[in-house]
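Spelled out from the first residue to the last, the chains are:
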Amino acid sequence: MTLYEFEALDLTEKAEAVWRGTFLAYREADGRRIQLYSLPGCYVEAFYDPQSNKITDFRSFTGKQLLVPYLEQLNLF
């Protein structure tokens, strides 16, 4: 799935695609838990709000810059 194909999905379809992906790492920011997944054509961050117990957003990307907050958790070798 390419970045553009992922972006064309609705929220429910994005969630289904992410759950089929590979979980890589997580971080916390602004009171939210952000989980990083790898899909065949992109990376996706799933934003979880513990207050509402819901996924509130997804952010997909292909560049490496947005991986920086996760580097300590990722085993690249």
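None of these values were measured; they are calculated from a predicted model.

Quick notes on the rules
- Residues numbered from 1 in each chain as written.
- Predicted model: local features only at pLDDT ≥ 70, side-chain atom pairs only at ≥ 80, totals over all residues.
- Heavy atoms only, no water.
- Pairing = 2+ DSSP bridges.
- Helix = DSSP H or I, 4+ residues; strand = E, 2+ residues; numbered from the N terminus.
- Core = buried A, V, L, I, M, F, W, Y, C linked by side-chain atoms within 4.5 Å.
- Buried < 20%, exposed > 50% of the residue type's maximum accessible area, 1.4 Å probe, protein only.
- Contact = heavy atoms within 4.5 Å.

Draft legend 1. The pairing of strand β2 (residues 32-39), seen in detail. Direction of pairing for strand β1 (residues 22-29) relative to β2: antiparallel, over a ladder of 7 bridges. What sits directly across from T22, in β2, is S38. Linking two consecutive strands that pair antiparallel, namely β1 and β2, is a turn of 2 residues; a positive phi of about 55° is found at D30 within it. Bridge count between β2 and strand β3 (residues 42-49): 7 bridges; the pairing is antiparallel. If you follow Q35 over to β3, its bridge partner there is A46. Where β2 hands over to β3, the hairpin turn is made up of 2 residues, counted between the paired strands.

Draft legend 2. Geometry of the nonpolar core. Of all hydrophobic cores here, the largest spans 11 residues; its members are L3, F6, A15, A17, V18, Y37, L39, C42, V44, A46 and F58. For this core, the secondary structure elements donating two or more residues are α1 (3-7), α2 (11-20), β2 and β3. If we ignore the near neighbours within four places in the chain, the residues touching C42 are M1, L3, F6, Y37, S60, F61 and T62. Within the second largest apolar cluster, 9 residues are counted, among which are A25, I34, Y43 and F47.

Any functional reading would require information that these geometric values do not contain.
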